[in-house]
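Breakdown of the fold
Here is what each chain is made of, one letter per residue.
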Amino acid sequence: MFRRKAAYFRNALDLRDKVQVKVLRKRLKLSEAQLASAVRKSGNSIAVLVKHAADQ
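Anyway, here's the lowdown on the structure attached to this text. (Residues numbered from 1 in each chain as written. Predicted model: local features only at pLDDT ≥ 70, side-chain atom pairs only at ≥ 80, totals over all residues. Heavy atoms only, no water.)

1. Observations concerning the packing of helix α1 (residues 18-28) against helix α3 (residues 46-55)
With their axes 11 Å apart at the nearest point, α1 and α3 run at an angle of 30 degrees to one another. In this view, α1 runs roughly parallel relative to α3, as classed from their interaxial angle. Between α1 and α3 the crossing geometry is right-handed. In contact with Gln20, Leu24, Arg27 and Leu28 of α1, α3 contributes Ile46, Leu49, Val50 and Ala53. Here the residues of the contact of α1 with α3 sort into six nonpolar, one polar and one charged. (Axes fitted to C-alpha atoms, helices over the stretch in contact; angles between N-to-C directions. Helix = DSSP H or I, 4+ residues; strand = E, 2+ residues; numbered from the N terminus. Parallel < 35°, antiparallel > 145°, perpendicular 65-115°, else oblique. Left-handed = near helix turned anticlockwise from the far one by under 90°. Contact = heavy atoms within 4.5 Å. Nonpolar A, V, L, I, M, F, W, Y, C, P; charged D, E, K, R; others polar.)

So this is what it looks like as structure tokens:
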């Protein structure tokens with residue numbers, strides 16, 4: 001059977017997707033703890049996370 005691929009939002013980080021988290025962590029040069037803290041503070045929007053990382 002054919003299964004539909006899960007839909008995702010380009011501008012939102014899916015924390016269940018390990019590859020997406022790894023790529024974003026490398027791009028922003030953040031540790032796991034720093035990324036988790038940023039997501040807790042600002043949400044899962046990638047644009048906001050990039051801005052948050054630039055402020056640090």
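2. A word on α1
Working note: α-helix, 3.6 residues per turn, so residues spaced by three or four point in the same direction. Of the positions making up α1, those classed as buried are Val21, Leu24 and Leu28. Angular distribution of buried residues about the axis of α1 spans 70 degrees; they occupy a single face of the element. For α1, exposure combined with an orientation more than 90 degrees from the buried face picks out Lys18, Val19, Lys22, Val23, Lys26 and Arg27. Elements that come into contact with the buried residues of α1 comprise α2 (32-42) and α3. (Buried < 20%, exposed > 50% of the residue type's maximum accessible area, 1.4 Å probe, protein only. Arc of directions from axis to C-beta.)

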